[in-house]
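# Architecture at a glance
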Amino acid sequence: MEERYRRRGLAGRLLRFACADMVRRGVDTLYLVTDHISFYERYGWEFLCMVRRTAPIICGCIKYMVIYRHKERYPISVMCQFFGVSRSGYYGFCKRIGNPEPDAELAELLRSQQERCRQTYGYRRMWLWLEKQGIHHTPKTVLRVMKKYNILAEIRRPRKWVQMGQQIHKYKNLLNRDFHADAPNQKWVTDISYIHTDEGVVYLSIIRDLYDNSIMTYKTAVQQTVNLVLDTIRLAMKAEKKRIAAELHLHSDQGFQYTSQGYFNLTQEYGITPSMSRRGNCYDNAMAENFFSILKTECIYRQKIRTFQQAKELIDDFIDFYNHERIQLKTGEAPLAQRLSA
């Protein structure tokens, strides 16, 4: 009886030591465990059952590598049983030793492109990019390789919106979630978002054209005022004054800037037809909010912003990247590429 408990104590201490070392050293711990296979030979299934509780967390190829390393020291059948793998799997692994990984070349292409696009491309955009390069794989293959080599894009974070201010002017929802435009400068959407820095909040106002989803113009400020919105509209009209459609719809939410008297006067001056989301319905202005989601998840949330100047530089850089380089899933090209080819 005492001998049995002594054996259990020795096996338990070894397992605890191996698990602690596994956390500290990772894969090298497997060499430590296999160096003590003699404990299995001495104490049998009692020790093996305890080790097998942790064995499933170790991937098969690593187990095969350890078995291969110790094949001259221990019987292969004993080590396969110890790690819970089949002998046929091990011998198949031996045949593949020295052969290049079949997905290594594709993975290197995906990794280099993921670095260029700032770790923001999912497997669909990666597939479109490969097609443009003349490299043909199915989307599922691209997804599998991205998972295998940990080249996935970063996951989006949830966001929350708050409505502020009082309404002076209210407009009908003329857009009515019809986010398609047949030509440039027919339908614009606008909104304001904010970026937190150590110095305070930077407010960003944008106008997005629904024809190609490009950002027509944008403006930043450290205060959320009506003038921020008005200046954004003035910049857009100055840039596109010769190419404005006969009836331009400018859609917004019910923020206080868009219900103000100044906004009403400016839209009348430029002949713009205002359109407004229903109260508390963020989906009516989804295209404007969609861009802010892209900006924040692919740029802003991925770093700590210290100053106003840093925030403005990041915004300038990302919007230039978005308009000229970032592939859209619907069109397979960057937003302004479609406008220039129209």
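Further up the page is the structure itself.
Residues numbered from 1 in each chain as written. Predicted model: local features only at pLDDT ≥ 70, side-chain atom pairs only at ≥ 80, totals over all residues. Heavy atoms only, no water.

## Here we look at the pairing of strand S1 (residues 187-197)
With nine of its eleven residues buried, S1 lies for the most part within the structure. Relative to strand S4 (residues 248-252), S1 runs parallel, the two being bridged by three bridges. Bridge pairing in S4 links Val189 to His251. The pairing of S1 with strand S2 (residues 200-209) spans ten bridges and is antiparallel. Bridging from a neighbouring strand, Tyr194 pairs with Tyr203 of S2. The hairpin turn running from S1 into S2, its antiparallel successor, is two residues long. (Buried < 20%, exposed > 50% of the residue type's maximum accessible area, 1.4 Å probe, protein only. Helix = DSSP H or I, 4+ residues; strand = E, 2+ residues; numbered from the N terminus. Pairing = 2+ DSSP bridges.)

## A closer look at the packing of aromatic side chains
Following the criterion strictly, the structure yields eight aromatic pairs and no others. Both rings, one in Phe318 and one in Phe321, keep their centres 5.8 Å apart while their planes meet at 55°; by these two values the pair is tilted. Taken together, the positions of Phe318 and Phe321, both in helix H14 (residues 308-324) and three residues apart, correspond to about one turn of that helix. A relative accessible area of 0% places Phe318 in the buried class. Phe321 gets classed as buried once you look at its relative accessible area, which sits at 4%. Here the aromatic cluster, defined as three or more aromatic residues joined through ring pairs, consists of Tyr171, Tyr258 and Tyr263. (Phe/Tyr/Trp six-rings, centres within 6.5 Å; stacked < 30°, edge-to-face > 60°.)

## A closer look at H14
For H14, spanning 17 residues, the distance from its first C-alpha to its last is 25 Å, which sits close to the expected 24 Å at 1.5 Å a residue. Three or more residues of H14 are buried, namely Ala311, Leu314, Ile315, Phe318, Ile319, Phe321, Tyr322 and Asn323. Residues of H14 that are buried make contact with helix H8 (104-116), S1, S2, strand S3 (215-221), helix H13 (286-298) and helix H15 (335-341). (Expected span 1.5 Å × (residues − 1). Contact = heavy atoms within 4.5 Å.)

## Let's talk about the pattern of salt bridges
Considering all chains together, one arrives at eleven salt bridges under this definition. A salt bridge links Asp317 to Arg118; the nearest nitrogen and oxygen atoms lie 2.9 Å apart. You can see Asp317 sitting in helix H14 and its partner Arg118 sitting in the loop between H8 and helix H9 (123-132), a full 199 residues away along the chain. With a shortest N-O distance of 2.9 Å, Asp231 and Arg234 are connected by a salt bridge. Residue Asp231 and its partner Arg234 are both found in helix H11 (residues 226-240); the two are separated by three residues, about one turn of the helix. Each of Asp103, Arg144 and Lys148 takes part in a single network of salt bridges with overlapping partners. (Salt bridge = Lys/Arg side-chain N within 4 Å of Asp/Glu carboxyl O.)

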